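The chain contents come next:
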Amino acid sequence: LNHIIIHKAVVSTQSTGEVLAIMVLARKFGVPVVPHAGGVGLCELVRHYSMIDYVLISGKIDDRMCEYAEHLHEHFTDQAEIKNARYVLPYKPGFSCEMTEDAVKTFKFPDGTYWKK
């Protein structure tokens, strides 16, 4: 099963518990998990799962990957950061998905300034 990789969009799962269950099952069968992070705020979320995999599940970083998208981080108060091809630990507690006040004012539907143009 080494050639199989689970590329899971973490926001399409029902909960953190479901994501962790997928990760534990993948570990049991020797299948690496690559959390999907290609949308608004997903990089801010998936870095936690990548670190949970390392610390609590696999204990490995040598054959692990986590997707990264280089856009839209400016809308979050604790932006995802990459150094030496690795996510940096978040600086604040929580899941790092709190949006800035300016982003909320701009993009809140239907009252945000973006939608009133």
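Right above here is the structure, for reference.
Conventions adopted
- Chains are numbered independently. Their residues run from 1 in the order of the written sequence.
- Only residues with pLDDT of at least 70 get local features here, since the model is predicted, and only at 80 or more are side-chain atom pairs given and counted; chain-wide, interface and lining totals rely on the full set of residues.
- Calculation of side-chain values draws on the structure's entire complement of heavy atoms; hydrogens and water are dropped beforehand.
- Put simply, DSSP marks the helices as runs of H or I at least four residues long and the strands as runs of E at least two long, and each gets a number from the N terminus on.
- Each residue is placed in one exposure class: buried if its accessible area under a 1.4 Å probe, protein chains only, is under 20% of its type's maximum, exposed if it is over 50%, and partly exposed if it falls in between.
- Here a cavity means grid points, on a 1 Å grid over the protein atoms only, where a 1.4 Å probe fits yet cannot get out; a pocket means an open set of points with protein on both sides within 12 Å along at least five of seven lines; lining residues are those with an atom within 4 Å of a point.
- Grid points are joined across faces, edges and corners, and a volume is the space filled by probe spheres set on the points.
- Any residue that is not Ala, Val, Leu, Ile, Met, Phe, Trp, Tyr, Cys, Pro, Asp, Glu, Lys or Arg is counted as polar, Gly included; the first ten are nonpolar and the last four charged.
- Between 30 and 60 degrees the pair is tilted, below 30 it is stacked and above 60 it is edge-to-face, where a pair is any two Phe, Tyr or Trp rings, Trp via its six-membered ring, whose centres lie within 6.5 Å.
- Here, a charge over a ring means that NZ of Lys or CZ of Arg falls within 6 Å of the ring centre while also lying within 35 degrees of the ring normal.
- Throughout this description, the term salt bridge denotes a Lys or Arg side-chain nitrogen within 4 Å of a carboxyl oxygen of Asp or Glu.
- To qualify as a nonpolar core, a set must consist of buried Ala, Val, Leu, Ile, Met, Phe, Trp, Tyr and Cys residues joined through side-chain atoms within 4.5 Å.
- Throughout, a contact is declared for two residues whenever any of their heavy atoms are within 4.5 Å.
- One fewer than the residue count of a helix, multiplied by 1.5 Å, yields its expected span.

Here we come to the overall build of the protein. The helix and strand inventory of the protein stands at three helices and two strands. Secondary structure elements in the protein, listed N-terminal to C-terminal, are α-α-β-β-α. For the protein, the proportion of its 117 residues judged to be buried stands at 35%.

One number sums up the size of the largest pocket: a volume of about 320 Å³. If you go around the largest pocket, you meet 14 residues; those closest to its centre are Ser50, Ile61, Cys66, Arg86 and Tyr87. Counting residues per element, the ones that place at least two in the lining of the largest pocket are α2 (42-57) and β2 (86-87). Looking at the lining of the largest pocket residue by residue, the classes come out as eight nonpolar, one polar and five charged.

Our focus in this paragraph is the packing of aromatic side chains. Tallied over the full model, the rule gives five aromatic pairs. Ring geometry for Tyr49 versus Phe95: centroids 5.8 Å apart, planes at 45°, classification tilted. Here Tyr49, found in helix α2, pairs with Phe95, found in the loop between β2 and α3 (101-107); they are 46 residues apart in sequence, far enough to count as distant. Three or more aromatic residues link up through ring pairs in this structure, and these residues are Phe107, Phe109, Tyr114 and Trp115. A cation over a ring is seen here: Lys28 above Phe29, with NZ or CZ 5.6 Å from the ring centre.

What follows concerns the pattern of salt bridges. In a structure, side chains of opposite charge can pair up when their charged atoms sit close to one another. Using the criterion set out here, one finds two salt bridges in the structure. Arg47 is the partner of Asp78 in a salt bridge, and the nearest nitrogen-oxygen pair spans 3.6 Å. Note that Asp78 is positioned in the loop between α2 and β1 (82-83) and Arg47 in helix α2, a separation of 31 residues in sequence. The two residues Asp78 and Arg47 agree in class, both being buried. Measuring nitrogen to oxygen at the nearest pair gives 3.5 Å for the salt bridge that ties Lys83 to Glu81.

Now for the nonpolar core. Among the nonpolar cores identified, the biggest contains ten residues, and these are Ala37, Leu42, Cys43, Leu45, Val46, Met51, Cys66, Ala69, Ala80 and Tyr87. Looking at this core element by element, the count peaks at five residues for α2. Each residue touching Cys66, except ones within four places of it in the same chain, is listed here: Val34, Pro35, Val46, Ser50 and Tyr87. If you look at the next biggest cluster of nonpolar residues, it comprises seven residues, including Val19, Met23, Val33 and Ile57.

With that out of the way, let us pick up α2. Taking 1.5 Å per residue, 16 residues should reach 22 Å; α2 reaches 21 Å between its end C-alpha atoms and fits that length. Taken together, the buried positions of α2 are occupied by Leu42, Cys43, Glu44, Leu45, Val46, Arg47, His48, Tyr49, Met51, Asp53 and Ile57. Elements in contact with the buried residues of α2: α1 (16-28) and β2. Positive phi appears at Gly59, one or two residues downstream of α2, with a value of about 70°.

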